[in-house]
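Breakdown of the fold
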Amino acid sequence: MNTIIYKYHIKLSAENNLRMPKGSIILGCQVQHEDVVIWAKTPTKGLAEDRHIRVFGTGQIIDDSEGELIYIDTVQLRGGKFIFHVFELKI
């Protein structure tokens, strides 16, 4: 199976739903040009699925009653003034 690495922009709101090819592997999350992006290794063919990404600021209460939260990465904006923690929600 052939794969490719794609970039997905996410918002700093609590919920992001991304449509990715089934079997995609999230590689990490970083800031690029003041945007927060996730990189994923994805199959070039196949069906798509929704992936649920949650973003929380430091000190923010996390409601993890919806399902398991899998840590992806922590990102800093504005020279470290704002810190956000990115998770994937497995329902």
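Bear in mind the structure is a predicted one, so any value in this text is a computation, not a measurement. (Residues numbered from 1 in each chain as written. Predicted model: local features only at pLDDT ≥ 70, side-chain atom pairs only at ≥ 80, totals over all residues. Heavy atoms only, no water.)

1. A look at the sheet that holds strand β2 (residues 15–21)
- If you trace the 4 strands from one edge of the open sheet to the other, you get β2-β5-β7-β6, paired in antiparallel fashion. Two strands in the sheet have a free side with no partner beyond their single neighbour: β2 and β6 (68–77). Across this sheet, the average inter-strand angle for adjacent strands is 30°, counted without regard to direction.
- Alignment of β2 against strand β5 (residues 48–57), held across 7 bridges, turns out to be antiparallel. Among the inter-strand pairings, Arg19 is bridged to a residue of β5, identified as Asp50. (Pairing = 2+ DSSP bridges. Helix = DSSP H or I, 4+ residues; strand = E, 2+ residues; numbered from the N terminus. Axes fitted to C-alpha atoms, helices over the stretch in contact; angles between N-to-C directions.)

2. Remarks on the sheet that holds strand β1 (residues 3–10)
- Taken together, 3 strands build an open sheet; the order of strands is β1-β4-β3 and the sheet is antiparallel. Only two strands of the sheet have a single partner each, and these edge strands are β1 and β3 (25–32). Along the sheet, successive strands turn relative to each other by an average axial angle of 25°, direction set aside.
- Pairing between β3 and strand β4 (residues 35–43): 7 bridges, direction antiparallel.

3. Let's talk about the nonpolar core
- Ranked by size, the top nonpolar core spans 16 residues in total, and within it Ile10, Cys29, Ile38, Ile53 and Val86 carry the most contacts.
- At the level of secondary structure, the elements contributing two or more residues to this core comprise β1, β2, β3, β4, β5, β6 and β7 (82–90).
- Residues in contact with Val86, not counting those within four places in the same chain, are Ile10, Cys29, Ile38, Ile53, Arg54, Val55, Ile70, Tyr71, Ile72 and Asp73. (Core = buried A, V, L, I, M, F, W, Y, C linked by side-chain atoms within 4.5 Å. Buried < 20%, exposed > 50% of the residue type's maximum accessible area, 1.4 Å probe, protein only. Contact = heavy atoms within 4.5 Å.)

4. Comments concerning the packing of aromatic side chains
- Under the criterion given, the structure shown has 2 aromatic pairs.
- Between Phe56 and Phe87, the ring centres sit 5.9 Å apart and the planes meet at 70°, which makes this aromatic pair edge-to-face. Here Phe87 lies in strand β7 and Phe56 lies in strand β5, a separation of 31 residues in the sequence.
- Judged by relative accessible area, Phe56 falls into the buried class, the value being 8%.
- Here the aromatic rings of Tyr71 and Phe87 are separated by 5.7 Å at their centres, their planes lie at 75°, and the arrangement is edge-to-face. Taken together, the residues span a long stretch of sequence, with Tyr71 in strand β6 and Phe87 in strand β7 at a distance of 16 residues. (Phe/Tyr/Trp six-rings, centres within 6.5 Å; stacked < 30°, edge-to-face > 60°.)

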